[in-house]
Amino acid sequence: MHACLQTCARTGVAALLALGLAACSFTQPPLYAPLGTLGNFGYAERQTGDNAFQIVYRAPVFSTFSFGPATRERLASERTALAYDMALLRASDIALARGMPAFREIHRNNDVRVDVQDDPFNDYWFNRPCFDWRFCSPPPFASRDRRTIVRVAVTLDVQLEQSLQAGAFDARATRTRILAARPNALPPEQLPRGGLTQ
């Protein structure tokens, strides 16, 4: 009986470790997708005039251990840059699909919300978002009992243009640049081949 209990205990520990490793190996789905199809993120657009569009990209909600103001500001800046890139990528695809080589950014709005919340249900071993880090425990300077939640949406108003003029975005070059900088934007099988020249 004692040996059986030891075996069951070892099996249980192994199962828990496997679950922990699975959580730590969490991978972000492709970022470039219509809003809501793969999660709480994605793009949406509406036509506002002749060759004019408004594009919104909502970045994935980012939740992590609570840090100081400087780190929270950096996290918000990173998510804003991500959302802006995805909105530009969508603008590039709209322009190219309509045979337009360029587009101009008319207006941009960044909606950035950073909340710090108490996490009374946090458990050191079983209830921590280890997929936020390369390790599964918080660094010593982070609070285990408070959470930082970053929500970002970027709205772009763009005008498609029939030729590339000063101040406008080259649609094909913009698409190539963003996909090279953010390979997780699309599934690997959808990434352009041959040095991202599509």
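Our structure's up above, just so we're on the same page.
Rules used throughout
Residues numbered from 1 in each chain as written. Predicted model: local features only at pLDDT ≥ 70, side-chain atom pairs only at ≥ 80, totals over all residues. Heavy atoms only, no water. Helix = DSSP H or I, 4+ residues; strand = E, 2+ residues; numbered from the N terminus. Buried < 20%, exposed > 50% of the residue type's maximum accessible area, 1.4 Å probe, protein only. Contact = heavy atoms within 4.5 Å. Areas by Shrake-Rupley, 256 points an atom, 1.4 Å probe, with all protein chains shown as cover. Pairing = 2+ DSSP bridges. Phe/Tyr/Trp six-rings, centres within 6.5 Å; stacked < 30°, edge-to-face > 60°. Lys NZ or Arg CZ within 6 Å of the ring centre and 35° of its normal. Core = buried A, V, L, I, M, F, W, Y, C linked by side-chain atoms within 4.5 Å. Salt bridge = Lys/Arg side-chain N within 4 Å of Asp/Glu carboxyl O.

Visitor: Would you mind showing me how to read the overall build of the protein chain here?
Guide: Secondary structure assignment for the protein chain yields four helices and six strands. Starting at the N terminus and walking to the C terminus, you meet the elements of the protein chain as α-β-β-β-α-β-β-β-α-α. Looking at the protein chain as a whole, 37% of its 198 residues qualify as buried. Long-range pairs, those at least 24 residues apart, make up 74% of the contacts in the protein chain between residues at least 6 apart in sequence. When the accessible surface of the protein chain is split by element, carbon and sulfur atoms take 56% of a total near 11,600 Å².

Visitor: Would you mind going over unusual backbone geometry with me for this structure?
Guide: Note: most residues except glycine have negative phi, and most peptide bonds are trans. Positive phi outside glycine occurs at Asn 51, with the angle close to 55°. Of note, Asn 51 is situated in the loop between strand E1 (42-49) and strand E2 (52-58).

Visitor: So what exactly am I meant to see when it comes to the pairing of E1 here?
Guide: Within a regular beta strand, the side chains point alternately toward one face of the sheet and then the other, so they alternate between its two faces. When E1 meets E2, the two strands line up antiparallel, connected through seven bridges. The partner of Gly 42 across the bridge, within E2, is Arg 58. In textbook terms, the turn of a hairpin is the stretch between consecutive antiparallel strands, and for E1 and E2 this stretch comprises two residues, one of which, Asn 51, has a positive phi near 55°.

Visitor: What's the story with the packing of aromatic side chains in this structure? I'm lost.
Guide: The relative placement of two aromatic rings is captured by the distance of their centres and the angle of their planes. Here the structure, examined in full by the defined rule, presents two aromatic pairs. Summarising the aromatic geometry, the rings of Tyr 32 and Tyr 43 are spaced 4.8 Å apart at their centres and angled 35° between planes, so their arrangement reads as tilted. Of this pair, Tyr 32 sits in the loop between helix H1 (2-24) and E1 while Tyr 43 sits in strand E1, and the two are 11 residues apart along the sequence. Among the residues examined, Tyr 32 registers a relative accessible area of 10% and is labelled buried. When the centroid spacing of 5.1 Å and the interplanar angle of 10° are considered together, the rings of Phe 103 and Phe 169 count as stacked. With Phe 103 in strand E4 (residues 102-118) and Phe 169 in strand E6 (residues 169-170), this pair connects stretches of sequence that are 66 residues apart. Its relative accessible area of 0% is what places Phe 103 among the buried residues. A cation over an aromatic ring shows up here: Arg 108 above the ring of Tyr 84, its NZ or CZ 3.7 Å from the ring centre.

Visitor: I would appreciate a short explanation of the environment of Ala 59 in the present structure.
Guide: Its location among the elements puts Ala 59 in the loop between E2 and strand E3 (62-66). Along the sequence, Ala 59 and Val 152 sit 93 residues apart, while their C-alpha atoms lie 5.6 Å from each other. Leave out the neighbours within four places in its chain, and Ala 59 touches Asn 40, Phe 41, Arg 79, Leu 82, Ala 83 and Val 152.

Visitor: Any chance you could explain the nonpolar core here in plain terms?
Guide: In a soluble, globular protein the nonpolar side chains are often hidden away together inside. In this structure, Tyr 57, Met 86 and Phe 103 are the most contacted members of the largest nonpolar core, which totals 34 residues. Taken together, the elements giving at least two residues each to this core come down to E2, helix H2 (69-97), strand E5 (143-161) and helix H3 (171-181). If sequence neighbours within four positions are ignored, Tyr 57 has contacts with Leu 31, Phe 41, Gly 42, Tyr 43, Ala 83, Met 86, Ala 87, Val 152, Ala 153 and Val 154.

Visitor: What am I meant to see in the pattern of salt bridges here?
Guide: One side chain can pair with another of opposite charge once the charged atoms of both are near each other. In total, this model carries seven salt bridges according to the counting rule given. For Glu 45, the salt bridge identified is with Arg 90, shortest N-O distance 3.0 Å. In this pair, Glu 45 is assigned in strand E1 and Arg 90 in helix H2, connecting sequence segments 45 residues apart. Owing to a relative accessible area of 17%, Arg 90 belongs among the buried residues under this scheme.

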